[in-house]
Amino acid sequence: MDFRGRAAHNAEQNLIVDADHLASHSDPNSGSDIFVKKFNEIEVRFDRSDEIFWCFMNQKSRPSYTYELGDEIQTVQDWIHTNYALSGTNSADPLRYFVCGSRTPGIYNLGGDLKHFADCIRRRDLGALKKYARTCVHMQHANSVGYGAPIITMALVQGDALGGGFEHALAFDILIAEKSARLGLPEVLFNLFPGMGAYSFLRQRLGRRDTERFILEGKIFTASELYDMGVVDILAEDGEGEAAIVKYAKEHRGRFHAERAVYRARHILDPVTLEELLEITDIWAETALLLQEADVRKMERLAGAQERRIQRSLRAV
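The following paragraphs examine the structure supplied in this document. This one's a predicted model, so the numbers in the text were calculated from it and none came from an experiment. (Residues numbered from 1 in each chain as written. Predicted model: local features only at pLDDT ≥ 70, side-chain atom pairs only at ≥ 80, totals over all residues. Heavy atoms only, no water.)

1. Examining the sheet that holds strand β8 (residues 182–184)
For the record, the criterion: Two strands make a pair as long as DSSP finds a minimum of two bridges between them. Helix and strand definitions follow DSSP, with helices as H or I runs of at least four residues and strands as E runs of at least two, each counted in order from the N terminus. Here, axes are lines fitted to C-alpha atoms. For helices the fit covers the stretch in contact, and angles between N-to-C directions go from 0 to 180 degrees.
Strand order in this open sheet of 4 strands is β4-β6-β8-β9, and the pairing throughout is mixed. The sheet terminates laterally at β4 (107–109) and β9 (220–222), the two strands that pair on one side only. Across the sheet, the axes of successive neighbouring strands diverge by a mean angle of 25°, strand direction being ignored. The pairing of β8 with β9 spans 3 bridges and is antiparallel. Counted as the bridge partner of Leu 183 is Phe 221 from β9.

2. Comments concerning the packing of helix α5 (residues 126–144) against helix α12 (residues 274–288)
To keep things clear, this is the line we draw: Note on angle classes: values under 35 degrees are labelled roughly parallel, values over 145 roughly antiparallel, values of 65 to 115 roughly perpendicular, and the remainder oblique. Crossings are sorted by hand: turned counterclockwise from the far helix by less than a right angle, the near helix makes the crossing left-handed, and turned clockwise it makes it right-handed. Residue contacts are counted whenever heavy atoms from the two residues lie within 4.5 Å of one another.
At a minimum axis separation of 9 Å, α5 and α12 run at an interaxial angle of 150°. Accordingly, the angle class assigned to the pair α5 and α12 is roughly antiparallel. Note on packing geometry: the crossing formed by α5 with α12 is right-handed. Of the residues in α12, those in contact with Leu 126, Leu 129, Lys 130, Ala 133, Arg 134, Val 137, His 138 and His 141 of α5 are Leu 274, Leu 277, Leu 278, Thr 281, Asp 282, Trp 284, Ala 285, Glu 286 and Ala 288.

3. With respect to α5
Put simply, the rule reads: By this rule the span expected of a helix is its residue count minus one, scaled by 1.5 Å. For every residue, the accessible area (1.4 Å probe, protein chains only) is compared with the maximum for its type, and the residue is labelled buried under 20%, exposed over 50%, or partly exposed between those bounds.
The first and last C-alpha atoms of α5 sit 27 Å apart over 19 residues, in line with the 27 Å expected at 1.5 Å per residue. α5 sits mainly inside the fold: 15 of its 19 residues count as buried. Residue Gly 146 follows α5 closely and has a positive phi angle near 65°.

Written out as structure tokens, the structure reads:
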């Protein structure tokens, strides 16, 4: 499935994509062995004894959502859909949990491509902003519905998950964070709002009033604070996030089907539809074009500071 192509198509047609739609547009090569494929932005492994598929973002530049990262993540989504949704549960090689984490030291993901946003705003390119945002929410929606497969999805946050990075983590069934992680939505600092799923997925956990306060205050929270608020589901000691997930899978093996059914019921009673995400992200793109030059410069300074931070981290490692 072509990540950019799907977004461009839906920029003109506001389609609602469900599991059947995803099946009809899957990459014909997505059934091949994904574990011999060379990726540049992610690492994958399948711990078959634990029935856990691990996907780690592993970017060498500023860890934000780029088209290349999106393409590679979508390849994984398509592979799971083809192997576990189209033909039902793969009894020969069962999969129960999908986990998305990060290999970048101290960072889960820092969110949107701020330099790209600044360039689009200065060029008054609404189409480019909408295209970028729509690719992100397609990925978000797929994460939230588990690619149509009978699995439970998890985000493992080890480090900072800010802006779009936090939005990404919120889309999964279960959010696990290590105690030193920091999570938040700082977009209001440059007069924008997080428009790629934050409102929809955070509202499921906090309700409307607290979600709006959360977004408009722009505060960065610790994982412990968000655990107490009910946003983080599992709080792990630093360096023990993966072990906590393996322990959780083993301890709850006997209730897996009941637990998955509860999350499905959540989606039915309080759904986040692709149509909803697309409409909100169009508001985000239109709002971005209202930013003043001072706001755009703040955005660029933040991107520069994040780039310097990641380079220091990589040199230290």
